[in-house]
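# Structural description and commentary
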Amino acid sequence: MSAALDPRPLTGEPLALDLLNTRWNREGVLQDLLTGTDGLAVWLAANALDDRFTADATTLRHLLRARDALKKAVDGSPTEGAEAVDAVLAHGRIRATLTPEGPGELPEFADPAWGPAWLAARNYLELLATAPDRIRGCAHDACVLHFFDTSRNGTRRWCSMAACGNRAKASRHYARSKET
């Protein structure tokens with residue numbers, strides 16, 4: 001499989017949210033990209049991690065653990081998910097470096113199989129530090145996707161206006177026309 005075959009309806013979100021978006025609804029049925037190492041390979045390639053990490057069963061197991069931890073933190077509260085996210089973060093660290101461009105950070109992992117999971121958990125911390133109020137779940141009742149709201153005024157409600165936003169508008173229109 002390749003990133004070109006990524007079946008997910010929403011891609012390109014920050015790493016933590018992109019990991020959450022490996023589950024989505026299609027016609028009322030929950031889909032899951034990470035049911036095996038082929039799906040893991042697609043996700044790694046979609047996030048430009050395939051050159052650094054292997055799509056194997058151990059990496060998949062750790063990534064699923066990170067996805068569950070992030071779901072607790074994002075859909076519940078950071079407090080609810082803190083212990084689970086911290087457990088993932090315990091498998092790596094940041095080493096401060098000096099690069100030709102100035103100060104830098106280099107992630108390090110005792111076990112490289114924890115790399116993608118750790119990077120996703122670390123990205124969640126970065127999103128919380130940047131704008132925690134912009135981490136959102138789609139407002140459509142049947143949608144389980146998440147996004148980082150980059151709109152100017154911070155009022156984005158849908159994972160995609162073309163999909164969920166349009167469905168909500170059509171549903172409201174149908175309800176109004178049914179009343180009359």
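### Some words on the confidence of the model for the protein chain
Model confidence for the protein chain is summarised by a mean pLDDT of 91, while 88% of its residues fall at 70 or above. Taking the mean pLDDT of every element in the protein chain, the minimum, 61, falls on helix α6 (residues 161-179) and the maximum, 98, on helix α1 (residues 15-20).

### Side note on the packing of helix α3 (residues 57-76) against helix α5 (residues 115-130)
Taken N-terminus to C-terminus, the directions of α3 and α5 make an angle of 20°; their axes are 8 Å apart at the nearest point. Classed by the angle they form, the pair α3 and α5 counts as roughly parallel. Remark: the crossing between α3 and α5 carries right-handed chirality. Residue-level contacts link T59, H62, L63, A66, L70, A73 and V74 of α3 to P116, A117, A120, A121 and Y124 of α5. Taken together, the residues of the contact of α3 with α5 sort by class into ten nonpolar, two polar and no charged.

### Structural notes on the layout of surface pockets
The computed volume of the second largest pocket comes to approximately 190 Å³. For the second largest pocket, the lining is made up of 16 residues, of which V74, D75, I135, G137 and H146 are closest to its centre. For the lining of the second largest pocket, the secondary structure elements donating two or more residues are α3, α5 and β5 (135-137). Ranked by residues supplied to the lining of the second largest pocket, first place goes to α3 with four residues.

Cut-offs applied
Residues numbered from 1 in each chain as written. Predicted model: local features only at pLDDT ≥ 70, side-chain atom pairs only at ≥ 80, totals over all residues. Heavy atoms only, no water. pLDDT = per-residue confidence, 0-100. Helix = DSSP H or I, 4+ residues; strand = E, 2+ residues; numbered from the N terminus. Axes fitted to C-alpha atoms, helices over the stretch in contact; angles between N-to-C directions. Parallel < 35°, antiparallel > 145°, perpendicular 65-115°, else oblique. Left-handed = near helix turned anticlockwise from the far one by under 90°. Contact = heavy atoms within 4.5 Å. Nonpolar A, V, L, I, M, F, W, Y, C, P; charged D, E, K, R; others polar. 1 Å grid on protein atoms, 1.4 Å probe; cavity = no way out; pocket = protein on both sides within 12 Å on 5 of 7 lines; lining within 4 Å. Points joined across faces, edges and corners; volume = space filled by probe spheres on them.

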